[in-house]
Amino acid sequence: IRAAKVRGAQVLDGPNFAVAWMERGVLKAPSWRELGMLESITCRLALEAAARAGVPIDEGVHRLSDLERADEVWIASTSADLLPVSRVGDVEIAVTPDSDARRAISAAMAELALEAAD
């Protein structure tokens, strides 16, 4: 991710997208509350969906080095839901578009969206 904002070494977000990643079975994302950012509705939905799917979540202040150690990295946006990222700066990230985590979170996101529409 070259367009994501980083303050010091803290991961923030990008223009029109949020950043989320899996690290050792935990979905991680920057905390908009702690970092003074606008809340991403898509990222919030992904975090709620992960909790529903039984995936542990860690929303907080994370360093760029945390993101570089991720098993998977996603851009969360309204137009793409969870879009896999293949590189963070100079670090290559494995892209598994149909990973168990992404599939479970995406399915739970769809369920939540349907419930909200009712």
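Every chain's residues receive numbers from 1 upward, in the order its sequence appears when written. A pLDDT threshold of at least 70 governs which residues receive local features in this predicted model, and a stricter bar of 80 or more applies before side-chain atom pairs are shown or counted, although totals over entire chains, interfaces and linings include all residues. Calculation of side-chain values draws on the structure's entire complement of heavy atoms; hydrogens and water are dropped beforehand.

Novice: With reference to specific residues and values, describe the overall build of the chain.
Specialist: Secondary structure elements are taken from DSSP: a helix is a run of H or I of four residues or more, a strand is a run of E of two residues or more, and numbering for both begins at the N terminus. Along its length, the chain carries four helices and nine strands. Ordered by position from N to C terminus, the α and β elements of the chain give β-β-β-β-α-α-β-α-β-β-β-β-α. The C-alpha radius of gyration of the chain comes to 13 Å, within 12% of the 13 Å expected for a compact globule of 118 residues. If one aligns the C-alpha atoms of the chain with their principal axes, the spans along those axes are about 40 × 30 × 25 Å. Per-residue accessibility, obtained with a 1.4 Å probe over protein chains only, is compared with the maximum for each type, and a residue is labelled buried under 20%, exposed over 50%, and partly exposed between these values. In the chain, which comprises 118 residues, the share counted as buried stands at 42%. Contacts are assigned to residue pairs with any non-hydrogen atoms lying within 4.5 Å of each other. Counting contacts in the chain only where the partners sit at least 6 residues apart, residues at least 24 apart contribute 61% of the total. Note on areas: Shrake-Rupley with a 1.4 Å probe; residue coverage comes only from the protein chains shown. Surface accessibility of the chain: about 6400 Å² in total, with carbon and sulfur atoms responsible for 52%. Note on charges: Lys and Arg go in the positive column, Asp and Glu in the negative column, and His and the chain ends are not counted at all. Where a charge lies is defined by one atom per residue type, namely NZ (Lys), CZ (Arg), CG (Asp) and CD (Glu). The averaged location of the 19 negative side-chain charges in the chain is 5 Å from the averaged location of its 13 positive side-chain charges. Computation of the radius of gyration draws on C-alpha atoms, with the globule rule given as 2.2 Å multiplied by the number of residues to the power 0.38.

Novice: Tell me about the environment of Trp-32, and please be specific about residues and values.
Specialist: Its place among the elements puts Trp-32 in helix H1 (residues 32-35). A relative accessible area of 23% means that Trp-32 is categorised as partly exposed. Other than its neighbours up to four places away in sequence, Trp-32 contacts Met-37, Leu-38, Glu-39, Arg-44 and Glu-59. The definition of a polar contact used here is a pair of N or O atoms within 3.5 Å, where within protein one atom must be able to donate a hydrogen and the other to accept one, and adjacent residues in sequence count solely through side-chain atom pairs. Reaching out from Trp-32, the side chain makes a polar contact with the side chain of Glu-39 at a distance of 3.5 Å.

Novice: How would you sum up the confidence of the model for the chain? Please name residues and give values.
Specialist: When pLDDT is averaged along the chain, the result is 84; 93% of the residues meet or exceed 70. The predictor attaches a confidence to each residue, and that confidence, scored 0 to 100, is pLDDT. The element-level mean pLDDT for the chain is lowest in strand E1 (residues 6-7), coming to 56, with strand E5 (residues 57-60) highest at 94.

Novice: Explain the environment of Pro-56 residue by residue, including any values.
Specialist: Assignment of secondary structure puts Pro-56 in the loop between helix H2 (41-52) and E5. Taking C-alpha positions, Pro-56 is 9.8 Å from Met-22, a pair spaced 34 residues apart along the chain. Residue contacts for Pro-56: discarding those within four places in its chain leaves Gly-25, Val-26 and Leu-27.

Novice: Tell me about the pattern of salt bridges, residues and numbers included.
Specialist: Whenever Lys or Arg places a side-chain nitrogen within 4 Å of a carboxyl oxygen from Asp or Glu, that contact is recorded as a salt bridge. Counted under the stated rule, the structure contains 10 salt bridges. A salt bridge links Lys-28 to Glu-23; the nearest nitrogen and oxygen atoms lie 3.4 Å apart. A relative accessible area of 14% means that Lys-28 is categorised as buried. A relative accessible area of 7% places Glu-23 in the buried class. Arg-52 is the partner of Glu-111 in a salt bridge, and the nearest nitrogen-oxygen pair spans 3.6 Å. Of this pair, Glu-111 sits in helix H4 (residues 100-117) while Arg-52 sits in helix H2, and the two are 59 residues apart along the sequence. We classify Glu-111 as partly exposed; its relative accessible area is 42%. A residue is classified by how much of its surface remains accessible, and Arg-52, at 40% relative accessible area, is partly exposed.

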